[in-house]
Amino acid sequence: MTVGLQLDEAVWGLLHQALQLYRDNPRATGHLRHQLARLEQPLRIAIAGPWRSGKSTVLNAIMGEEVAPVDGPDGAGVFTWYEDGPQPRATAYSISHPPQELTVVKSATGMRADLVGWRAGELRDIVVQWPTRALRQVTLIDTPATNGAGEHGQTPVMDRALREADAVLYLTRDGRDSDLTVLESTREGRVGQAAPVNVILVLSRVDETSGGRIDALLTARQLARRQYRDPRVNALCMNVVACSGLIGLAGRVLSESDFAALAQLSRLSREELEAHLLSADRFLRDELPIPLDVQVRAALLDRLGLSGVRLATTLVRTGCDSRGKLAGELIRRSGLTELRESMNRFFVDRRDTLKVRSALAAVEALLQAEPGPGTGELLSAVEQIIAGAHEFPELRLLAALRNARLEFDAGLTAEALRLVGGDGAGLATRLGVEHDASVQRLWEVASDAQWRWRELAEDPLLRLAQRRAAQVVVRSCEGILAELAEAGREM
């Protein structure tokens with residue numbers, strides 16, 4: 001099952017009811033038509049976080065190319081959008097000027113946009129079109145820093161990110177209380193409370209933890225798992241992932257010359273090399289027992305950082321004897337693979353659900369901001385849609401099962417994951433049967449699964465969280481049976 005037709009149709013109908021209600025309000029109708037158009041557009045994922053949390057580096061790692069940041073004078077407050085396009089180009093947008101195509105120069109650290117003529121604070125958005133497979137299904141949004149949260153965690157940047165994007169990667173170095181306070185602002189309103197399914201928390205720059213030791217990434221992954229088990233944290237996000245954007249990006253763009261330089265360094269013993277890696281300054285200024293230019297060393301530091309050089313040379317010594325092998329291992333160890341898998345599983349694969357959620361949140365916000373005759377009825381309709389939407393609890397259960405939080409045995413966990421769509425959305429995939437199975441066969445398997453999970457939902461020996469999880473699986477089975485019944489009527 002993808003987004004059920006009932007949910008899709010209900011939200012589409014709600015938007016048109018709101019259009020009718022606000023028909024004499026051009027600003028409101030323009031906003032609602034924009035929400036209708038977004039349902040047909042690629043999923044929008046904002047990358048947000050405090051200052052120096054590594055947002056642009058993670059964005060580059062996801063794209064596999066060094067594109068961000070787009071630098072310009074007074075870049076504060078500018079949202080930079082990265083979308084698929086036939087050729088590289090950038091367009092500037094402001095409230096007071098028509099769109100202006102920018103002259104862009106690709107550099108080693110991103111893109112330099114010619115913003116001559118723009119006054120301070122005037123620029124609102126830069127839209128970058130870039131031809132890459134990574135942007136075929138999503139638009140990535142690089143946001144300014146979220147520093148300066150108010151009393152309830154709201155920041156202007158996060159508020160806008162939640163309005164403009166369907167999902168958020170929130171980057172933080174350690175997931176401290178101030179970051180959780182910002183994330184709690186994502187749960188405002190009926191939609192936010194009922195469907196907290198649009199955030200992944202990313203522990204970023206993890207290569208810099210633990211004194212830059214080569215086991216820093218492993219330590220960070222363990223911290224991420226512990227944090228997700230915290231009820232306050234898992235109530236706010238779908239997953240917690242540790243990721244070094246710097247090392248992940250290095251793996252994706254590693255060149256043969258980079259590998260050759262690292263291979264040279266790896267000829268030194270670990271103890272001998274470690275003496276030169278006590279600081280960046282020492283690595284650059286020391287006389288090395290091998291011929292390696294200072295410019296080459298500086299490039300390695302820019303590419304990998306001290307801990308990355310440490311890790312890469314260790315990997316070369318222990319079997320990564322080619323550029324391809326080393327690149328793959330750097331990507332895996334950086335946490336980038338897990339991050340991309342989480343994005344695909346919780347965001348891209350459920351993009352229709354998330355876009356519908358955005359539309360619901362937008363209608364709710366409009367009704368509350370501009371109340372009038374008829375808005376109460378539409379707010380009730382929003383509540384009814386949320387209450388009847390099984391897609392949201394199904395997605396929350398998928399996250400809980402993936403992180404082993406419910407402590408079902410392996411067999412039950414695998415079956416529940418399959419039934420709620422963790423292995424694929426098709427009916428046969430959910431039921432674990434051959435793809436050409438008859439409707440009768442599908443019905444029998446779905447009925448059997450529904451009966452077994454209903455028994456679990458009523459089992460007093462299970463914990464409350466497990467019984468509630470079983471109830472979600474039962475409802476998924478009921479949805480499968482309803483689709484099969486409809487298919488049978490059409491035959």
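We now turn to the structure provided with this report.

1. A word on the overall build of the chain
Counting secondary structure elements, the chain contains 22 helices and 12 strands. In terms of overall size, the chain behaves like a compact globule, its C-alpha atoms giving a radius of gyration of 25 Å where 491 residues would be expected to give roughly 23 Å. Projecting the C-alpha coordinates of the chain onto the three principal axes gives extents of approximately 75 × 60 × 45 Å. Every one of the 491 residues in the chain was classed for burial, and the buried ones make up 51%. Contacts in the chain between residues far apart in sequence, at least 24 positions, make up 74% of those at least 6 positions apart. Only carbon and sulfur atoms are counted for the fraction: they give 50% of the accessible area of the chain, which is about 22700 Å². Computed over 59 positive and 65 negative side-chain charges, the separation of the two mean positions in the chain equals 3 Å.

2. Quick notes on unusual backbone geometry
Look at the link from A68 to P69: it is a cis peptide, with omega at -5°. Of note in the backbone geometry, R205 takes a positive phi value of approximately 55° without being a glycine. Positioned with a positive phi, E407 is a non-glycine residue whose angle comes to about 60°. Exposure remark for E407: the relative accessible area of 62% places this residue in the exposed category.

3. Considerations on the nonpolar core
Counting residues in hydrophobic clusters, the biggest one holds 160 residues, and the most contacted among them are Y82, L169 and L326. The element contributing the most residues to this core is helix α22 (residues 464-490), with 9 residues.

4. Describing the side chain of S266
Tracing the backbone through its elements, the reader meets S266 in helix α10 (residues 256-266). Filtering out sequence-adjacent residues up to four positions away, S266 remains in contact with T313, V316 and R317.

5. A word on the packing of aromatic side chains
In this structure the tally under the stated criterion is 1 aromatic pair. Judged by centre distance (5.8 Å) and plane angle (85°), the ring pair of F408 and W453 falls under edge-to-face. Here the residue F408 occupies a position in the loop between α18 (391-402) and α19 (410-419), and W453 occupies one in helix α21 (residues 439-457), the gap between them amounting to 45 residues. When the ring centre of W51 is taken as reference, the NZ or CZ atom of R52 above it lies at 5.5 Å. The ring of F79 is capped by R160, whose NZ or CZ atom sits 4.1 Å from the centre of that ring.

6. Considerations on empty space enclosed by the protein
Inspection of the entire model under this criterion finds 1 cavity of 30 Å³ or more. What lines the largest cavity is simply D207, R213, I214, A216, L217, I247, S307 and L311. Of all the secondary structure elements, the ones that give two or more residues to the lining of the largest cavity are α7 (216-228) and α13 (294-317). Counted by class, the lining of the largest cavity contains 5 nonpolar, 1 polar and 2 charged residues.

7. Digging into the sheet that holds strand β3 (residues 79-83)
Strand order in the open sheet formed by 9 strands is β5-β4-β8-β3-β9-β1-β10-β11-β12, with mixed pairing between adjacent strands. The sheet is open, and its two edges are formed by β5 (100-102) and β12 (239-243), each paired on a single side. Across the sheet, the mean angle from the axis of one strand to that of its neighbour is 25°, orientation sign disregarded. For strand β1 (residues 43-48) and strand β10 (residues 167-172), the ladder comprises 4 bridges, and the chain directions are parallel. Within β10, the position partnered with A46 by the bridge is V168.

8. A closer look at the environment of E208
Within the secondary structure, E208 sits in the loop between β11 (199-204) and α7. Residue classification places E208 among the partly exposed positions, given a relative accessible area of 40%. C-alpha separation for the pair E208 and G308, spaced 100 residues apart in sequence, amounts to 9.3 Å.

9. What about the layout of surface pockets?
Taken as a whole, the second largest pocket encloses approximately 880 Å³ of empty space. Taken together, 32 residues form the lining of the second largest pocket, with D159, L162, R163, E164 and A365 sitting closest to its centre. At the level of elements, α2 (26-38), β8 (123-129), α4 (156-164), α6 (189-194) and α16 (351-369) are the ones that each hand at least two residues to the lining of the second largest pocket. Ranked by residue count, the leading element in the lining of the second largest pocket is α16, at 7 residues. Across the lining of the second largest pocket, the residue classes break down as 9 nonpolar, 11 polar and 12 charged.

Reading the values: rules and limits
Here, residues in each chain are numbered from 1, in the same order as that chain's written sequence. Since the coordinates come from a predicted model, pLDDT governs what is reported: local features require at least 70, and pairs of side-chain atoms require 80 or more to be given and counted, while whole-chain, interface and lining totals use all residues. For the side-chain quantities, the full set of heavy atoms in the structure was used; hydrogens and water were omitted. Comment: elements are numbered from the N terminus, with helices defined as DSSP H or I runs of at least four residues and strands as E runs of at least two. Taken over C-alpha atoms, the radius of gyration is set against a globule rule of 2.2 Å times the number of residues to the power 0.38. Buried residues are those whose accessible area, probed at 1.4 Å on protein chains only, stays under 20% of the maximum for their type, while exposed residues exceed 50% and partly exposed ones sit between those limits. Contact definition: two residues touch when any of their heavy atoms are within 4.5 Å. Note on areas: Shrake-Rupley, 1.4 Å probe, and residue coverage restricted to the protein chains presented here. When charges are counted, Lys and Arg contribute as positive and Asp and Glu as negative, whereas His and the chain ends are disregarded. Charge positions come from single atoms, namely NZ of Lys, CZ of Arg, CG of Asp or CD of Glu. Residues enter a nonpolar core if they are buried and are Ala, Val, Leu, Ile, Met, Phe, Trp, Tyr or Cys, with the set joined through side-chain atoms within 4.5 Å. Any pair of Phe, Tyr and Trp rings, taking the six-membered ring for Trp, is counted once the centres come within 6.5 Å. Such a pair is stacked with planes under 30 degrees apart, edge-to-face with planes over 60 apart, and tilted for the rest. Whether a charge sits over a ring depends on NZ of Lys or CZ of Arg being within 6 Å of the ring centre and within 35 degrees of the ring normal. Think of a 1 Å grid over the protein atoms and nothing else: a 1.4 Å probe that fits but is trapped marks a cavity, an open set flanked by protein within 12 Å on at least five of seven lines marks a pocket, and residues with an atom within 4 Å of a point count as lining. Grid points are joined across faces, edges and corners, and a volume is the space filled by probe spheres set on the points. Each residue gets one label: Ala, Val, Leu, Ile, Met, Phe, Trp, Tyr, Cys and Pro are nonpolar, Asp, Glu, Lys and Arg are charged, and the others, such as Gly, are polar. Here, strands pair whenever DSSP counts at least two bridges between them. Axes here mean lines fitted to C-alpha atoms, for a helix over just the part in contact, with angles spanning 0 to 180 degrees between N-to-C directions.

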